[in-house]
Amino acid sequence: MNCEVCQLKELEVEHFEIREVLRCILHTIVFHRALGLIRPKDVDLELFEITYVQCGDVELEKKIDERIDHFISWVEKHPNKKSQICLSFYEVKSKQPSWFTNKTERLYWEQWYVNLNVTQHPKHHSSKSHHAKVVVDPGESATEDRSSRRAMVEASLREVLFQIIKFVNEKKDHVPPISDGVIYFPYEITIPSSSDSAFGMDMIKRMLHSGHPTMLS
């Protein structure tokens with residue numbers, strides 16, 4: 001089984017934007033990989049002029065929010081660091097039981113890497129010319145800067161959403177056959193651990209144990 005990987009464009013966001021941005025991206029991916037009967041729900045972002053679609057599943061929303069909470073906690077402990085969230089879809093296959101292995105294995109067939117660069121917004125200070133009695137209003141300048149930055153983030157987020165839609169439309173051959181009654185493919189959301197390098201090493205270990213591109217649980 002081939003495991004398709006999509007590296008989404010890196011987004012530079014501030015701390016207070018993380019939750020909305022991740023909700024938008026993760027729900028968009030899951031919605032486009034949903035299989036069965038769902039109740040689509042339009043969600044308007046509060047920080048940006050963007051509307052995305054959720055599957056209308058309370059448990060799904062809860063699980064995604066829990067992973068986002070863990071990610072935000074990690075970011076708070078590792079300020080000003082680039083980071084990833086990995087959303088993986090997999091199949092569960094039965095294995096030949098033995099003394100040393102589990103009875104099932106996870107065969108990963110698609111992985112999405114959400115790349116964020118969480119930054120601290122610089123503080124603005126008032127400035128005064130020594131040659132003229134002109135005082136620059138820091139409030140007005142700061143408002144213009146933040147408005148411009150917000151527009152850039154919104155444009156970048158739109159690019160990521162289009163990237164998701166393009167990938168879903170172009171990459172179809174690797175998607176497993178649909179089972180009766182299944183609404184969602186099994187999935188997991190992986191966030192960095194307490195160690196900066198543990199996230200990448202964990203993914204490498206999975207690949208070594210199972211052989212690329214499938215991975216064991």
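What you are looking at is a predicted structure, and each value in this text was computed from that prediction instead of being measured.

Colleague: Just checking my understanding: could you explain the environment of Leu 47 for this structure?
Modeller: Within the fold, Leu 47 resides in the loop between β3 (41-44) and β4 (51-54). With 107 residues separating them in the primary sequence, Leu 47 and Glu 154 have C-alpha atoms 8.8 Å apart.

Colleague: How do you make sense of the nonpolar core when you look at a structure like this?
Modeller: Nonpolar side chains tend toward joint burial in soluble globular proteins. One finds Ile 25 and Trp 112 to be the most contacted residues of the largest nonpolar core, which totals 46 residues. Elements supplying a minimum of two residues to this core: β2 (11-14), α1 (18-32), α2 (58-77), β5 (82-94), β6 (104-119), α3 (138-170) and β9 (187-190). Of all the elements, α1 adds the most residues to this core, at 8 residues. For Trp 112, the residues in contact, after removing those within four places along its chain, are Cys 6, Leu 8, Ile 29, Ile 85, Cys 86, Leu 87, Phe 89, Ile 164, Phe 167 and Val 168.

Colleague: How do you make sense of α1 when you look at a structure like this?
Modeller: Helical geometry note: an α-helix holds 3.6 residues per turn, so side chains three or four residues apart project in the same direction. Over its 15 residues, α1 runs 21 Å from end to end, which matches the ideal 21 Å to within 8%, given 1.5 Å per residue. Of all 15 residues that make up α1, 11 are buried, and the element is covered over most of its length. Where α1 is concerned, the buried positions are Ile 18, Glu 20, Val 21, Leu 22, Cys 24, Ile 25, Leu 26, His 27, Thr 28, Ile 29 and Val 30.

Colleague: In this structure, what is going on with the side chain of Glu 17? I would like to understand it.
Modeller: Tracing the backbone shows Glu 17 in the loop between β2 and α1. Among residues more than four places away in sequence, those in contact with Glu 17 are Leu 47, Phe 48, Arg 149, Arg 150 and Val 153.

Colleague: How should the pairing of β4 be read in this particular structure?
Modeller: Look at any regular strand and the pattern is simple: side chains alternate between the two faces of the sheet. Residues Tyr 52 and Gln 54 point to one face of β4 and are all buried, whereas Thr 51 and Val 53, pointing to the other face, are not buried. As paired strands, β3 and β4 are joined by 4 bridges and run antiparallel to one another. For Asp 42, the partnering residue across the bridge sits in β4 and is Val 53. Linking two consecutive strands that pair antiparallel, namely β3 and β4, is a turn of 6 residues.

Basis of the calculations
Residues numbered from 1 in each chain as written. Predicted model: local features only at pLDDT ≥ 70, side-chain atom pairs only at ≥ 80, totals over all residues. Heavy atoms only, no water. Helix = DSSP H or I, 4+ residues; strand = E, 2+ residues; numbered from the N terminus. Core = buried A, V, L, I, M, F, W, Y, C linked by side-chain atoms within 4.5 Å. Buried < 20%, exposed > 50% of the residue type's maximum accessible area, 1.4 Å probe, protein only. Contact = heavy atoms within 4.5 Å. Expected span 1.5 Å × (residues − 1). Pairing = 2+ DSSP bridges.

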